[in-house]
Amino acid sequence: MYDLIGDIHGHAQPLMALLDKLGYRQQDGVYQHLERKVIFLGDFVDRGPQIREVLEIVRPMVQTGAALAVMGNHELNTLAFHLPHPDRPGEYVRQHTPKNEKQCQQTLQQLSDSQLADALDWFRTLPLWLDLEGVRAVHACWDRVEIDHLQEAFARESQLTDRLIQAACLPDGELFHPVEVVLKGKEMVLPEGIQFADKDGNVRTKTRMRWYLSPEGHTYGSYAMTDPITCDLPLPASIAERARPYEATEKPVFVGHYWLKKDTPQLLGSNVACLDYSVAKGGFLCAYRWNGEQVLGDTNFVVAT
């Protein structure tokens, strides 16, 4: 059985508290459980004060089989930030803009050159999703069409090569769109004149949508995932055509990524749960204790205290 843990972002103390609450104990320096495994949902780096310590907890757990992990968009961003652009000497696949530099600032400050190189090598080994017996895990969005596309592209590689990172992170890359969906979620363009400021103060004219629900009967405001969109206009056909709702008959799926803001964790659907409750923005670290059930329950959430 699995204990799924959401975005950590360099917060090692809440992670240790959560593992302890879940019954994991250190053996030979590695957190382990006699009967269970952790599934980490990505975003280990950036923002928080203990990035090195988080990697020193998570990576040995994965390497010894005490845990599984999927890649978050911050791990992919870090890889692309340090990968030279194939066609522009002196530039990188993820541009070194002030915005991008600010996002990875804590990681660059806290890790030595050798520690960063070691982390980058490990990031390349992380899968973008897990489809296990009875349960699924992905950082942001489970979309079968996009995952099938990526599965075909990754079939020939045992890890993320430079070519795959370029294809996934350059806007004209063949894998850019499916990776954006899987690691960042589906977005919809807002009507002209509608915009909002995100958690970092950036002005946005697109918002993430509630990809797991049917868009039928929704407005822009009600179909927005987390952003405060005040717009009662009905969704156009172009958005409905891109939606592929996650059916209730599918395996339970767990995601992170969305910076949910609630005092108590709650399910998104009977078989859909988000485990990112904004630990890096004054929230809390959250896990779900999965025991094989098809219909999930709010009582299975566990919060670090």
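Model, not experiment: these values are computed from the prediction.

Trainee: Got a minute to help me understand the pattern of salt bridges in this structure?
Mentor: Side chains carrying opposite charge are able to pair once their charged atoms draw close together. Applying the stated criterion across every chain yields a total of 20 salt bridges. Asp131 is the partner of Arg144 in a salt bridge, and the nearest nitrogen-oxygen pair spans 3.2 Å. Placement of the pair is Arg144 in helix α7 (residues 144-154) and Asp131 in strand β6 (residues 129-132), with a sequence separation of 13 residues. What makes Arg144 partly exposed here is its relative accessible area of 36%. Look at Asp131 and you get partly exposed, because its relative accessible area is 35%. With a closest N to O distance of 2.7 Å, Lys251 and Asp131 form a salt bridge. Linking Lys251 in the loop between α11 (237-242) and β12 (253-255) with Asp131 in strand β6, this pair joins segments that are 120 residues apart in sequence.

Trainee: Any chance you could explain the packing of α7 against helix α9 (residues 176-184) here in plain terms?
Mentor: Helices that pack against each other are described as a pair by the angle of their axes relative to one another and the distance between those axes. Where α7 meets α9, the closest approach of the two axes is 9 Å, and the angle between their N-to-C directions is 125 degrees. Classed by the angle they form, the pair α7 and α9 counts as oblique. As for how α7 packs across α9, the hand of that crossing is left-handed. The residues of α9 that touch α7, namely those facing Glu146, Ile147, His149 and Leu150, are His177, Pro178, Val179, Val181 and Val182. When grouped by side-chain class, the residues that make up the contact of α7 with α9 number six nonpolar, two polar and one charged.

Definitions and limits used
Residues numbered from 1 in each chain as written. Predicted model: local features only at pLDDT ≥ 70, side-chain atom pairs only at ≥ 80, totals over all residues. Heavy atoms only, no water. Salt bridge = Lys/Arg side-chain N within 4 Å of Asp/Glu carboxyl O. Helix = DSSP H or I, 4+ residues; strand = E, 2+ residues; numbered from the N terminus. Buried < 20%, exposed > 50% of the residue type's maximum accessible area, 1.4 Å probe, protein only. Axes fitted to C-alpha atoms, helices over the stretch in contact; angles between N-to-C directions. Parallel < 35°, antiparallel > 145°, perpendicular 65-115°, else oblique. Left-handed = near helix turned anticlockwise from the far one by under 90°. Contact = heavy atoms within 4.5 Å. Nonpolar A, V, L, I, M, F, W, Y, C, P; charged D, E, K, R; others polar.

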